[in-house]
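Given next are the chains, with one letter for each unit.
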Amino acid sequence: MTDPHPQRPGAGPVGPYAFVFWNDDLDDDVVLAQLREIAGAGFVGVTLSARVGLSRRVGYLTDEFLRLVRVAVDECARLGLAVMLYDEASYPSGSANGAVVARDPAFAARCLVPVTHDVDVQVGAPTGDPADAGYWRPALGRDLDARLLAVVARRVDGTDDDAVLLPVRAPGLVRLDLPPGAWRVTAVFDAASGGTIRGAHAEQDDGSALAPPAADLLNPDAVAAFLELTHDAYAGALGEHLGTTVVAMFTDEPFLLGRGHRPLARPYTPGLETVVAAALGISEADVLRRLPELWDGEGTRPGGTDPGATGFVRDWEDAVRARLHRVYYDAQAAWCAARGLALTGHPAEPDDLGTAARLHWPGQDTVWRWVLPGDDAATSGLDGPESTAPKVAASAARSRGGVPAVTEVLGAYGWRLSLDEARWLLDWYLSRGVTTPVLHAFFSSVRGGRAFESEPDLGPWNSWWPHLPPLVRYVLRVAQLLDAAPPVWPVGVLSRADAAPSGPVVRALLKAQVDFGYVDRDDERAAAGYAVLLDPADGVPDVVTLKEDLRAAGAPVVEAEPAAPDLRAVVLSGGAGYVVFHEGEAPIRSWLRLPSVPDDACWWDPFTDARHAVERDDHGRVLLELARRRTLALVPAAGHPVATVGPAERRRVEVTGWRGTVERVVGDPDAIADGPADVVPPELRLGDWTHVPGLRRLSGSVRYTAEVDVPDGVVTARLDLGEVGDAATVSVDGVVAGHAPAAPYVVDLGALAPGSRTVEVLVSNSAANWYEGDRRPSGLIGPVTLTW
């Protein structure tokens, strides 16, 4: 992949960013309060974006909007938050909320559209005499703007070599002078795609008559207008913040045709046939003659890719992609680089390695519950185009010299999204080398339908908001570790630039703890640094033989004994250690055979920030014990205190006498009961509070309290909360002792002073109970046991 901009602009921190939705009427107080909440939760930065629902009073790219952006960025500078600026009103990017097309209607997204006519010329019919040939006037409805680009006749039972380019006569007539046989005549029109984007205001969403028209991203003049209207406006408002507080510009899945475009549309811009002819070394007439082949297959995806395309169709689409890269992505990259910013975001397709690499900070996105825990083929993190997204972003970042890899993640997973799922998804990205997740999203408002626009909100409108900061800190720790010692990828998996492979080869590598990167098979430079290159076309490798080859090449190899197929292992460069992620459900107890282990190595839990001693056997193997969906790092202790392994036998007591009181309510407190006669009890006991009529629809937090008599000599106490719905934070005598966002709900309390101790457990349930009317288990259900 050729890098047209070798600069590495933007020096923003790795770690979690908050995707901020400005989706209602805003003032300074709303903007500042939200940013302070985000900073307090531990985020390193924000991505500021206008979103469907923004008020007309504020407007988009108006003086008031830009003033609020300046207020926000000034506050981010004070808070130490890095800023990514989102380059569109909602998405997809490139149209400036319709202002590009408003400037010049010729800047609207263009397409090719076919109109067909079947002709059966009988054997023995007179030919050669113009008077014997019929005429056809192709028309694209009443579209006055459509231009007839070419008319091509192809034999129904023939080959593409039989195609004939027919002349067009005034006033748009085609003489059907054809030899005998069955023919399909295709008129190819150049027309506006009719595609739109989701706009900034409520009345500009999909399906609305006011939805903003999509711009032609293959037209340099249209893209120049987009940069002037959007990027230059931000530059004028933010001045000295560019390249300091503002570290990047985020472009979001540009669609060549826009959303809701004409049926059968194929991406186009005037003159593209000339470009293709020059690239293929053929005449323009030959290109026009072959245009009907564009409709022989399934058609392109929104970003202009069709993984199954071959022959002329592939050549045409390669030309479209090359033009998109040059005209849209490279123009944005140059604008950003000149101002010390990184261009980031993500392409329209999850497996588009080549387009991701055009970004200074390559990125991808995972939204709409496309990927979930488990091994369902439809949503697996190991199969299908969506499963490639993390490695595509990370591989593209590595091809650019080790820049940050970005993801937009958690968006539109619904109010049912739990912290358990959220952590799994974030680990799925981290384990594959992505260090800068943008958590989607933090709503300014949930008024009316805003609560159901790409939900959930991850901030205070969500019931588990009090438990999010520990997860944010965890992501930051792991991201910084991976950034400081980038993972070693011994295997390169050869990939098409527009369609990274998934499935059996990738699955075999990951399940055997063999890390890899995608390598563009057309870029010789990208293969540097890999010990072994694998071509998926050669089939699934024998993992045992592969590991022998890696050892012979001096590459690090991780062996789990017994095998642990749900374990993902990351080898940190420079001998810095290892990170292991558990993507499955059953606890793992396995011995790891590692290439080297530092003398002062310890197991570090990045979630709790606790360290414990390493156990080794006589063969030098390291014991790994890992609960479901957990992460550990094997790293040098470096002077940090390391806990020794405690005795196997422990005293266990059940903690009883719990009293719970409602502390926080999401939504309307007067509407959480089943009926008007149901009341909220003054105290709750252990159990699922959705069985209490007065709390049937409560989404929020309940604080449970119990007294525990602690004997002398308790130095390694552990509290097992049993069943919890959904997330818990444990405090002892008013001091937070630990967090349990997912099962197993176990918190290490450490040493406890003798005497009566007050234990508090703040439990928050699913927001879906309020927003969706679900009845998901809620509360401290227990039983709760204390061991030491």
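Rules used throughout
- Residues numbered from 1 in each chain as written.
- Predicted model: local features only at pLDDT ≥ 70, side-chain atom pairs only at ≥ 80, totals over all residues.
- Heavy atoms only, no water.
- Helix = DSSP H or I, 4+ residues; strand = E, 2+ residues; numbered from the N terminus.
- Expected span 1.5 Å × (residues − 1).
- Buried < 20%, exposed > 50% of the residue type's maximum accessible area, 1.4 Å probe, protein only.
- Arc of directions from axis to C-beta.
- Polar contact = N/O pair within 3.5 Å; in protein donor to acceptor, adjacent residues only side chain to side chain.
- pLDDT = per-residue confidence, 0-100.
- Contact = heavy atoms within 4.5 Å.
- Axes fitted to C-alpha atoms, helices over the stretch in contact; angles between N-to-C directions.
- Parallel < 35°, antiparallel > 145°, perpendicular 65-115°, else oblique.
- Left-handed = near helix turned anticlockwise from the far one by under 90°.
- Nonpolar A, V, L, I, M, F, W, Y, C, P; charged D, E, K, R; others polar.
- Phe/Tyr/Trp six-rings, centres within 6.5 Å; stacked < 30°, edge-to-face > 60°.

Draft legend 1. Molecular detail of helix 1 (residues 28-40). The end-to-end C-alpha distance of helix 1 is 18 Å, a good match for the 18 Å that 13 residues give at a rise of 1.5 Å each. Those residues of helix 1 lying buried are Val-31, Leu-32, Gln-34, Leu-35 and Ile-38. Burial along helix 1 is one-sided: seen end-on, the buried residues are contained in an arc of 160°. Exposed residues pointing more than 90 degrees away from the buried face of helix 1 are listed as Asp-29 and Gly-40.

Draft legend 2. Summary view of the environment of Asp-535. Structurally, Asp-535 is set in the loop between strand 19 (532-534) and helix 13 (543-552). The sequence separation of Asp-535 and Val-505 amounts to 30 residues, and the corresponding C-alpha distance is 8.9 Å. Polar side-chain contacts of Asp-535 include one of 3.0 Å to the side chain of Arg-521.

Draft legend 3. Quick look at the confidence of the model for the chain. Mean pLDDT for the chain: 94, with 97% of residues reaching 70 or above. Scored below 50 in pLDDT, residues 1-7 makes 22 contacts in the model with residues more than four places away or belonging to other chains.

Draft legend 4. Layout of the side chain of Ser-445. Topologically, Ser-445 is positioned in the loop between strand 16 (436-443) and helix 11 (468-484). According to the relative accessible area criterion, Ser-445 is buried, its value standing at 9%. There is a polar contact of 2.8 Å between the side chain of Ser-445 and the side chain of Asp-24. Polar side-chain contacts of Ser-445 include one of 3.0 Å to the backbone nitrogen of Arg-447. With near-sequence residues (within four places) excluded, Ser-445 lies in contact with Asn-23, Asp-24, Arg-450 and Trp-461.

Draft legend 5. Geometry of the packing of helix 5 (residues 272-280) against helix 7 (residues 311-338). Across the interface, helix 5 lies against helix 7 with an axial gap of 10 Å and an inter-helix angle of 115°. Between helix 5 and helix 7, the angle falls in the class roughly perpendicular. Our pair here, helix 5 against helix 7, has a crossing hand that is right-handed. For the pair helix 5 and helix 7, contact is made by Leu-272, Glu-273, Val-275, Val-276 and Leu-280 and by Phe-312, Asp-315, Trp-316, Ala-319, Val-320 and Arg-323, respectively. In terms of residue class, the contact of helix 5 with helix 7 is built from eight nonpolar, no polar and three charged.

Draft legend 6. Local environment of helix 9 (residues 389-399). Most of helix 9 is tucked away, with nine of its eleven residues classed as buried. Residues of helix 9 that are buried: Ala-389, Pro-390, Lys-391, Val-392, Ala-393, Ala-394, Ser-395, Ala-396 and Ala-397. On its buried face, helix 9 is in contact with helix 8 (353-356), strand 14 (363-366), strand 15 (406-409), helix 10 (419-430) and strand 18 (516-520). At the exit of helix 9 stands Gly-401, carrying a positive phi of roughly 100°.

Draft legend 7. A look at the packing of aromatic side chains. By the definition in use, this model includes 18 aromatic pairs. With 3.7 Å between their ring centres and 10° between their planes, Trp-415 and Tyr-771 make a pair best called stacked. Of this pair, Trp-415 sits in the loop between strand 15 and helix 10 while Tyr-771 is found in helix 14 (residues 768-771), placing the two residues 356 residues apart along the sequence. Take Trp-415: its relative accessible area is 0%, and that puts it in the buried class. Where Trp-424 meets Trp-428, the ring centres are 6.3 Å apart and the plane angle is 10°; that geometry is what we call stacked. With Trp-424 and Trp-428 both in helix 10, this residue pair falls four residues apart, about one helical turn.

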